[in-house]
Structures are given as C-alpha cells and as structure tokens.
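# Commentary on secondary and tertiary structure
What follows is the residue order along each chain.
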Amino acid sequence: HELIKVAKTQGDYQVDITNEESIKALFEKVGRVDGIISVTGNLHFSPISEMTGQGFNIGLNDKLLGQVNLALIGQNYLNEGGSITLTSGIVSQQPIKGGTNASTVNAALEGFVKSAAIELKNGQRINAISPSVVTESLDVYGPFFPGYEPVSAQRVAMAFQRSIEGGLTGQTFNVW
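What you are looking at is a predicted structure, and each value in this text was computed from that prediction instead of being measured.

### Some thoughts on the side chain of K63
Here K63 is to be found in helix 2 (residues 53-74). A distance of 2.8 Å separates a polar atom in the side chain of K63 from a polar atom in the side chain of N106. Beyond its immediate sequence surroundings of up to four residues, K63 is in contact with T40, G41, N42, L43, I58, T87, S88, V105, N106 and L109.

In structure tokens:
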C-alpha cells in the first residue's frame, strides 16, 4: 500500500478535521484513495460534577464530528470497494472515571459506523477500531485505566489491517 500521512501539523499533508473546508481541500489535493484511516480526535476529561457544555463540546466537535465529516466527505473520494476505518475506544462500553465525554463520543462513532455501512455505495465499507489502552502509551494513559488490560500497538494495527483488507462492514473491532 502507498501510505499518505496526514495530520494537523505534520505528515505529507495537513488537515483540520473540525473544518469541513479543510477536509475538502485535503481530498482535492490527494485525489481518489482506496482507504481512509482516522486515528485522531480530541476529547475532554473531567469529573461529571465539573463538566461544562463547553468542555463536552470538545469531544463532540473534534473526535466525533471530525471523524464523521472525514467519512462523509471522504466517501466521495473513495474508490469502488474502498474502506473507511474510524477509531473509537474501549470506554464506549467500559467507562472510566472522568471519561463521560470519551464514552459518549466513542459510542456515537460506533453507532455512526453501523448505520453508515448500510448506505455506502459501490462496495465501499466502513468500520471502527475500539482499542483498550495501548501498552506503548501506558506511561501517559495508564493511570486513567486502573485494572484494564493493555494491548500492544501491533494488535491494534492488525485490527486496522482486518478492517481495511477484509470484507466486513459496519463493524466495531474490539481490541481488548
């Protein structure tokens, strides 16, 4: 596969997933693709007693709507039989303290994938990857996931490969 790396400030191209015009401009530059993989999106972590609408909107506008817009716009640049893979996370089904925004956003992404799959055209597919805390990031995120079994980045990568190269659609591949 030819991999085109895209990020907000690095990579071969830059994109702001919170801005539809930025996403459109990216695809106009890149052109048609066989696959779209999204492993991005900011969330807000705080106890529910301290949560504000403004804080909650961080995850809604960035991780949720950013990935949704990437898929909505990207489908028009996806080749026949192409694949879209979004990233949710274990907290969609196994919440953590202070992670209400993350749980809500991840569950919504999984619902979007399930529903979008029945409407995509030309054999296009869409799935989500839902990893547990990744072993390689335990130094940063480990304290937020007490008692959770970490998974290796290699296992998560295999789920992405399954989503991209396999035939399933509308699925959430749990890696935990």
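### Section: the nonpolar core
In terms of nonpolar packing, the biggest core is built from 25 residues, with F27, I36, I84, L86, F112 and I126 touching the most fellow members. Among the secondary structure elements, those contributing two or more residues to this core are helix 1 (20-30), strand 3 (33-37), helix 2, strand 4 (78-87), helix 3 (100-116) and strand 5 (125-131). Look past the residues within four positions of F27 in its chain and what remains in contact with it is V33, I36, L70, I73, G74 and Y77.

### What to know about the packing of aromatic side chains
All told, the structure shown has three aromatic pairs when counted by the stated rule. Measuring from centroid to centroid gives 5.1 Å for F27 and Y77, while their planes differ by 15°, and the two rings are stacked. In this pair, F27 sits in helix 1 while Y77 sits in the loop between helix 2 and strand 4, placing the two residues 50 residues apart along the sequence. No difference in accessibility class separates F27 from Y77, as the two residues are buried. Aromatic side chains F145 and Y148 sit 5.3 Å apart centroid to centroid with 85° between the ring planes, which places their arrangement in the edge-to-face category.

### Some points on the side chain of N101
Mapping N101 onto the fold places it in helix 3. Residue N101 is classed as buried on the basis of its relative accessible area, which comes to 0%. Among the polar contacts made by the side chain of N101, one reaches the main-chain amide nitrogen of H44 at a distance of 2.9 Å. Beyond its immediate chain neighbours, meaning those up to four positions away, N101 contacts L43, H44, M51, F56, G59 and L60.

### Regarding the sheet that holds strand 3
Strand-to-strand pairing in sheets goes through backbone hydrogen bonds, with the strands running parallel or antiparallel. As summarised here, the arrangement of the four strands in space is 3-4-5-6, forming an open sheet in which the pairing is parallel. The open sheet has two edge strands with one neighbour each: strand 3 and strand 6 (172-175). Strand-to-strand twist of the sheet, defined as the mean angle between neighbouring strand axes without regard to direction, takes the value 15°. Relative to strand 5, strand 4 runs parallel, the two sharing five bridges. By the bridge assignment, L86 is partnered in strand 5 with A128. Sheet strands in contact with helix 2 are strand 3, strand 4 and strand 5, and its direction is about 175° off that of strand 4. With respect to the sheet, helix 3 is in contact with strand 4, strand 5 and strand 6, its orientation differing from that of strand 5 by roughly 155°.

What counts, and at which threshold
Residues numbered from 1 in each chain as written. Predicted model: local features only at pLDDT ≥ 70, side-chain atom pairs only at ≥ 80, totals over all residues. Heavy atoms only, no water. Helix = DSSP H or I, 4+ residues; strand = E, 2+ residues; numbered from the N terminus. Polar contact = N/O pair within 3.5 Å; in protein donor to acceptor, adjacent residues only side chain to side chain. Contact = heavy atoms within 4.5 Å. Core = buried A, V, L, I, M, F, W, Y, C linked by side-chain atoms within 4.5 Å. Buried < 20%, exposed > 50% of the residue type's maximum accessible area, 1.4 Å probe, protein only. Phe/Tyr/Trp six-rings, centres within 6.5 Å; stacked < 30°, edge-to-face > 60°. Pairing = 2+ DSSP bridges. Axes fitted to C-alpha atoms, helices over the stretch in contact; angles between N-to-C directions.

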